[in-house]
Amino acid sequence: MISIPSITEAEKLIEEKLGGWFDVVISHIPNFIVAVIIAIIFSMLARFAGNLMKNILRRSLDSQQIADLMASIFKVIVLCVGVFIALDFVGLKGTVTSLLAGAGIVGLAIGFAFQDMTENLIAGIAMGIRKPFKTGDVIETDDVFGSVHSINLRNTLIESFYGQLILVPNKVLFRNVLKNYTTLGVRRIEVPVGISYGDDIEKAKEVIVNKINDLDFVIRKNETDVYAEGFGDSSINLLVWFWIKYPGEPDFMTVRHKGVVAVKQALDEADISIPFPIRTLDFGIKGGEKLDAMISDKINQQSSNKGNAGGADSSQNE
């Protein structure tokens, strides 16, 4: 039979357990006090380090949101390190291990659940560190071309030259090829033009270069040049290259307009023609026989036939 302890024995057992727990608590009070002090110190250190990191990042990054987020992450990391050290000092190593494992599982679940958002966030932080562009830069990527209006944690707002605001996810800017037209501060303008086959290419080059270099906004004048691109249907195709400050004044469209006008004026003043499209029709199986030659041969043949026919009629009348 199972013996049931008396009330006195039960009270004694409970008293022993409580006494043992009390002794354990008393023995761990110094460690507990030290752990609390460690937690308080790391809390103050996390606040100080977070504010210091925020000030540094705000001066180095263009986006204050990214700077604040990274500073907050750094602050939480410092605070968590202090909490783990305090728990380990108390003797709760198993609790520390469980918390780390739980944090890893939760982070993995959140990463899968919000994969797209997390990818944009990480891309935004990476671009905030690398700084491939900043607010006001003219960039082009993935069929988007315009000026950077603002940079956020998950996306970048770009103002196109047609007056629209385009919201581009940061992962698109991070993955694709990105052209930054502002970094170097200069841009080359290319103006195609054609001259007739009867004109001198070197003369056309000389007059165009001189005319382009007379424009105030042209820089690197020694690099202004004209290149023969190839043979067109009715003209020799040329490419006119010159450099401007970009972005700047006048704007790109105005500069290109004035460049085209200058090329036209230079060719007109030198009496060099820009031909209209011309089509030459060649007849015959092997080619090389022009329409005017065929018409002339046909007229001559008809005249010859009429002459032969007139001679035959005369002989018959006789």
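In this text the structure is predicted, and so the values were computed from the model without any measurement.

Conventions adopted
Residues numbered from 1 in each chain as written. Predicted model: local features only at pLDDT ≥ 70, side-chain atom pairs only at ≥ 80, totals over all residues. Heavy atoms only, no water. Helix = DSSP H or I, 4+ residues; strand = E, 2+ residues; numbered from the N terminus. Buried < 20%, exposed > 50% of the residue type's maximum accessible area, 1.4 Å probe, protein only. Contact = heavy atoms within 4.5 Å. Areas by Shrake-Rupley, 256 points an atom, 1.4 Å probe, with all protein chains shown as cover. Axes fitted to C-alpha atoms, helices over the stretch in contact; angles between N-to-C directions. Parallel < 35°, antiparallel > 145°, perpendicular 65-115°, else oblique. Left-handed = near helix turned anticlockwise from the far one by under 90°. Nonpolar A, V, L, I, M, F, W, Y, C, P; charged D, E, K, R; others polar. Phe/Tyr/Trp six-rings, centres within 6.5 Å; stacked < 30°, edge-to-face > 60°. Core = buried A, V, L, I, M, F, W, Y, C linked by side-chain atoms within 4.5 Å. Pairing = 2+ DSSP bridges. Expected span 1.5 Å × (residues − 1). Polar contact = N/O pair within 3.5 Å; in protein donor to acceptor, adjacent residues only side chain to side chain.

Novice: Could you give me a rundown of the overall build of the chain, with the residues and numbers involved?
Specialist: Scanning the chain from N- to C-terminus turns up eight helices and eleven strands. The burial tally for the chain puts 26% of its 318 residues in the buried class. Contacts spanning at least 24 positions in sequence make up 60% of the contacts within the chain whose residues lie at least 6 apart. Accessible area of the chain: about 21,800 Å², with a carbon and sulfur share of 61%.

Novice: Describe in detail the packing of helix α6 (residues 201–213) against helix α7 (residues 252–269), supporting the description with residues and values.
Specialist: α7 packs onto α6 with a crossing angle of 135° between their chain directions and a minimal axis gap of 9 Å. If you check the angle between α6 and α7, you find them oblique. Helix-helix and strand crossings are classified by hand; for α6 and α7 the assignment is right-handed. On α7, the residues touching A204, V207, I208, K211 and I212 of α6 are G259, A262, V263, Q265, A266, L267 and E269. Across the contact of α6 with α7, the residue classes break down as eight nonpolar, two polar and two charged.

Novice: Which residues make up the packing of aromatic side chains, and what values go with them?
Specialist: Applying the stated criterion across every chain yields a total of six aromatic pairs. Among the aromatic side chains, those forming a connected cluster through ring pairs are F145, F161, Y181, Y246 and F252.

Novice: Describe in detail the nonpolar core, supporting the description with residues and values.
Specialist: A general trend in soluble globular proteins is that nonpolar side chains are found buried together. I208, I212, V240, F242, V263 and L267 are the most contacted members of the largest nonpolar core, which has 28 residues in total. Put simply, the parts of the chain that give this core at least two residues each are β6 (186–195), α6, β9 (236–245) and α7. If near-sequence neighbours (up to four positions away) are discounted, L267 is found in contact with V193, I195, A204, I208, I272 and I274. Judged by nonpolar contacts, the second largest core, of ten residues, contains M127, V144, V172 and L173.

Novice: Go over the sheet that holds strand β1 (residues 138–141) with me, naming the residues and quoting the values.
Specialist: Spatially, the five strands line up as an open sheet ordered β4-β3-β2-β1-β5, and their pairing is antiparallel. Sheet topology places β4 (165–169) and β5 (179–180) at the edges, where each strand pairs with a single neighbour. Summarising the sheet, β1 and β5 pair through two bridges and their orientation is antiparallel. Paired with I139 across the two strands is N180, which belongs to β5.

Novice: Which residues make up α7, and what values go with them?
Specialist: With 18 residues, α7 should reach 26 Å at 1.5 Å per residue; the first-to-last C-alpha distance of 26 Å fits that figure. Those residues of α7 hidden inside the fold are in contact with β6, α6 and β9. The opening residue of α7 is D251, an N-cap whose side-chain oxygen sits 3.2 Å from the backbone nitrogen of M253. Residue D271 follows α7 closely and has a positive phi angle near 60°.

Novice: Account for unusual backbone geometry, with residues named and values stated.
Specialist: Of the consecutive residues Y246 and P247, the connecting peptide bond is found in the cis state with omega at -10°. Structurally, P247 is set in the loop between β9 and α7. Positive phi values are uncommon outside glycine, yet R220 reaches one of about 50°. Considering the arrangement of structural elements, one finds R220 in the loop between β7 (218–219) and β8 (225–231). The class for R220 is partly exposed, based on a relative accessible area of 38%. Positioned with a positive phi, D271 is a non-glycine residue whose angle comes to about 60°. Position of D271 relative to the elements: it lies in the loop between α7 and β10 (282–283).

Novice: With reference to specific residues and values, describe the pairing of β4.
Specialist: As paired elements, strand β3 (residues 155–160) and β4 share five bridges and run antiparallel to each other. If you follow N155 over to β4, its bridge partner there is P169. In this antiparallel pair of consecutive strands, β3 and β4, the connection spans four residues, and G163 shows a positive phi of 90°.

Novice: Residue-level account of the pairing of β3, with values.
Specialist: Side-chain positions along a regular strand alternate between the two faces of the sheet. Most of β3 sits inside the fold, with five of its six residues counted as buried. The sheet contact formed by strand β2 (residues 144–151) and β3 spans five bridges and is antiparallel. Paired with S150 across the bridge in β3 is L157. Following β2, the chain reverses through three residues before pairing antiparallel with β3.

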